[in-house]
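Commentary on secondary and tertiary structure
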Amino acid sequence: RNALRYFVGDMPGYALTTHQDQLAYHVVLRGERIAILDARGPREVDPQGEITPDQLVSLGRVLAATPAPISIFLHYPPIPLGCDWIDRTMLIRNGLELHDLLHAHRDRVRGVFFGHIHSPTCTLLDGSMYASCGSVAMHLPNWPCANNATVSCDPIAFAQYIQIGEESVSVKTQWASPPTRETRE
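Residues numbered from 1 in each chain as written. Predicted model: local features only at pLDDT ≥ 70, side-chain atom pairs only at ≥ 80, totals over all residues. Heavy atoms only, no water.

1. Some words on the overall build of the protein
Each helix and strand in the protein was counted, giving 5 helices and 9 strands. Helices (α) and strands (β) of the protein occur, in sequence order from the N terminus, as α-β-β-β-α-β-α-α-β-β-β-β-β-α. Counting only residues that meet the buried cut, the protein has 42% of its 185 residues in that class. Long-range contacts, defined here as pairs at least 24 residues apart, represent 49% of the contacts in the protein between residues at least 6 apart. For the protein, the accessible area works out to roughly 10600 Å², and carbon and sulfur atoms hold 54% of it. (Helix = DSSP H or I, 4+ residues; strand = E, 2+ residues; numbered from the N terminus. Buried < 20%, exposed > 50% of the residue type's maximum accessible area, 1.4 Å probe, protein only. Contact = heavy atoms within 4.5 Å. Areas by Shrake-Rupley, 256 points an atom, 1.4 Å probe, with all protein chains shown as cover.)

2. Observations regarding the pattern of salt bridges
Under the definition given, this model contains 3 salt bridges. A salt bridge links Glu 50 to Arg 93, with the shortest nitrogen-to-oxygen separation between them at 3.3 Å. Here Glu 50, found in the loop between β3 (32-36) and α2 (53-65), pairs with Arg 93, found in the loop between α3 (84-89) and α4 (95-103); they are 43 residues apart in sequence, far enough to count as distant. For the salt bridge of Asp 84 with Arg 88, the shortest nitrogen-to-oxygen distance reads 3.0 Å. With a gap of 4 residues between them, Asp 84 and Arg 88 both fall in helix α3, about one helical turn apart. (Salt bridge = Lys/Arg side-chain N within 4 Å of Asp/Glu carboxyl O.)

3. Brief notes about the side chain of Thr 52
Following the sequence through the fold, Thr 52 ends up in the loop between β3 and α2. Setting aside anything within four residues of it in sequence, one finds Thr 52 in contact with Thr 17, His 19 and Gln 22.

4. A short note on the pairing of strand β6 (residues 121-125)
Look at any regular strand and the pattern is simple: side chains alternate between the two faces of the sheet. As paired elements, β6 and strand β7 (residues 128-132) share 5 bridges and run antiparallel to each other. When the sheet's bridge partners are listed, Leu 125 is paired in β7 with Ser 128. Here β6 hands over to β7 after 2 residues, with Asp 126 in that stretch at a positive phi of 55°. (Pairing = 2+ DSSP bridges.)

5. A word on the nonpolar core
In terms of nonpolar packing, the biggest core is built from 32 residues, with Leu 59, Ile 72, Leu 74 and Leu 102 touching the most fellow members. Contributing elements (two or more residues each) for this core: α2, β4 (70-73), α3, α4 and β5 (109-114). (Core = buried A, V, L, I, M, F, W, Y, C linked by side-chain atoms within 4.5 Å.)

Here it is as structure tokens:
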């Protein structure tokens, strides 16, 4: 959070939490509402996340008050992804509460976008799209039978390009090969 504050400065938009140490807010850009949720929980739940009740209540108020489309961004995956070790250790502990809230407004939720698992994925659950991005440093396995994290660095998914249109959402992964000995010298 401190690094994000350093690079971004004061967050634009409207707060979704009363906790000064959290970065949760929403903004409207070109008619599209974007909510950023802070699911960094207490140290004892790490590497899982946790969304504070006030963020869920505030997001519920935003969803109820406006007909504008909305996209949700956060670090941790809120829903099970069908990979044993990820579903056991990396999810938001109360992520299904977020899913239930968003499901009630699914006609306006464009997608839920997250990271943390170091692997690009896309999951459709109850009509809502959840998409994760890869890592610039390494990948972690997300096969259904994977029961632990094994680091892989080839290739590197260095960016997710998300295009939100009137009737569609497109998520594109940009890949890069890791440097070779020749390119490093």
